[in-house]
Amino acid sequence: MGQDQGMRRARLIFAGAGTGTGTGGGGGGDGGSAGVPGAGVRFKASPLGRWLDKKSGLVRRRMEWLCLPVGLTLALLGGSALPLVAAAVAVPLVGKRLRARERERAGARRADEVIAWCAAVAGELRAGRQPGRALVAATRGSTALGAATAPVVAAATYGGDVPGALRAAAAEPGAEGLAGVAACWQVAVDGGAGLASGLERLEGVLRAEREQQESLRSELAGPRTTVVLLACLPALGLVLGTAMGASPLKVLLHSAAGFGCLVVAAVLEAAGVWWAARIVRAGEGR
């Protein structure tokens, strides 16, 4: 009987894995024979993959220091210390922007992990496990709960406040979907509703939202590229002027008119980039 139960659980969890959908067929109860695609399937990264991820993260954290050699090069070419000072001022600003982008990527990865975790919990429930044991089994090897893994697992194991622990975990960026899991859990405990069905529907909603966000980002990739190219045009002009022998850096850094043009151009450049970035962010928000 134990072997048959294990085989049934394996078939239910791995049925249709890789199809990319989160809907289940068959019976509507928690013990129905619906396959949850991708549920319970968690792939561990290889040592090489973890090493590459670690090195790439380290490189991204040090990218802002590239401003210093660029500023030093411009200072040597222009015979002025102003580019080096500007590069030193730009280091914390660039670092802040890079860290913000890294947090955005981490939030997106966390949202994907929450979706996969919902599918895993629903698969464990469909396989016949109790809600607490299903949550604990689906959490093994998953980082969807983040720092709240221990409190949630403890609450599920010892009969604590699982919805409260899930709501606390949902406060982290990218884990907002856990608030829906908490609501499903609360309704299932209070009203006896099917938790697996609720989690499957929640997974479908979260997956649809993620696909919509990715589609919107892909549509905004063109405007982002245009903004970057327009922002780089002044630098291209300086390179062309230097190639023609006009010495634009010396004019900009060693004459009153050139320095005034440099200040006005920097202000206009910053305002243009800020304005374009605000338009793109507004589009992403909608």
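This text gives an overview of the structure that appears in the document. (Residues numbered from 1 in each chain as written. Predicted model: local features only at pLDDT ≥ 70, side-chain atom pairs only at ≥ 80, totals over all residues. Heavy atoms only, no water.)

Structural notes on unusual backbone geometry
Note the threshold: Numbered from the N terminus, helices here are DSSP runs of H or I no shorter than four residues, and strands are runs of E no shorter than two. Relative accessibility under 20% of the residue-type maximum defines a buried residue, over 50% an exposed one, and the middle range a partly exposed one, all with a 1.4 Å probe and only protein chains included.
Of note, Ser-247 is a non-glycine position whose phi angle comes to about 50°, a positive value. Following the sequence through the fold, Ser-247 ends up in the loop between helix H9 (195-243) and helix H10 (248-254). With a relative accessible area of 34%, Ser-247 lands in the partly exposed category.

Concerning the pattern of salt bridges
The cut-off we apply is this: What makes a salt bridge here is a side-chain nitrogen of Lys or Arg within 4 Å of a carboxyl oxygen of Asp or Glu, nothing more.
As enumerated under the stated definition, the model contains 9 salt bridges in all. Where Glu-200 meets Arg-126, a salt bridge forms, and the shortest distance between an N and an O atom there is 3.0 Å. Placement of the pair is Glu-200 in helix H9 and Arg-126 in helix H4 (residues 82-126), with a sequence separation of 74 residues. Owing to a relative accessible area of 2%, Arg-126 belongs among the buried residues under this scheme.

Side note on the nonpolar core
Counted only if it meets this: In this description, a nonpolar core means a group of buried Ala, Val, Leu, Ile, Met, Phe, Trp, Tyr and Cys residues linked to one another through side-chain atoms lying within 4.5 Å. Contact definition: two residues touch when any of their heavy atoms are within 4.5 Å.
In terms of nonpolar packing, the biggest core is built from 35 residues, with Trp-117, Leu-166, Leu-178, Val-181 and Leu-199 touching the most fellow members. Of all elements in the fold, only H4, helix H5 (131-139), helix H6 (149-158), helix H7 (162-169), helix H8 (177-191) and H9 reach the threshold of two or more residues within this core. Looking at which element gives the most residues to this core, the answer is H4, with 8 residues. Those residues in contact with Trp-117, other than ones at most four positions away along the chain, are Leu-135, Ala-138, Thr-139, Ser-142, Ala-144, Leu-145, Leu-166, Leu-178 and Val-181.

Observations regarding the side chain of Arg-210
For clarity, the threshold we go by: Under this definition, polar contacts are N or O atom pairs within 3.5 Å; protein pairs additionally need one hydrogen-donor-capable and one acceptor-capable atom, and for neighbouring residues in sequence, both atoms have to be side-chain atoms.
Tracing the backbone shows Arg-210 in helix H9. Overall, Arg-210 belongs to the buried group, its relative accessible area being 10%. There is a polar contact of 2.9 Å between the side chain of Arg-210 and the side chain of Asp-112. In contact with Arg-210, not counting residues within four places along its chain, are Ala-108, Ala-111, Asp-112, Ile-115 and Arg-217.

Read these as geometric descriptors, not functional statements.
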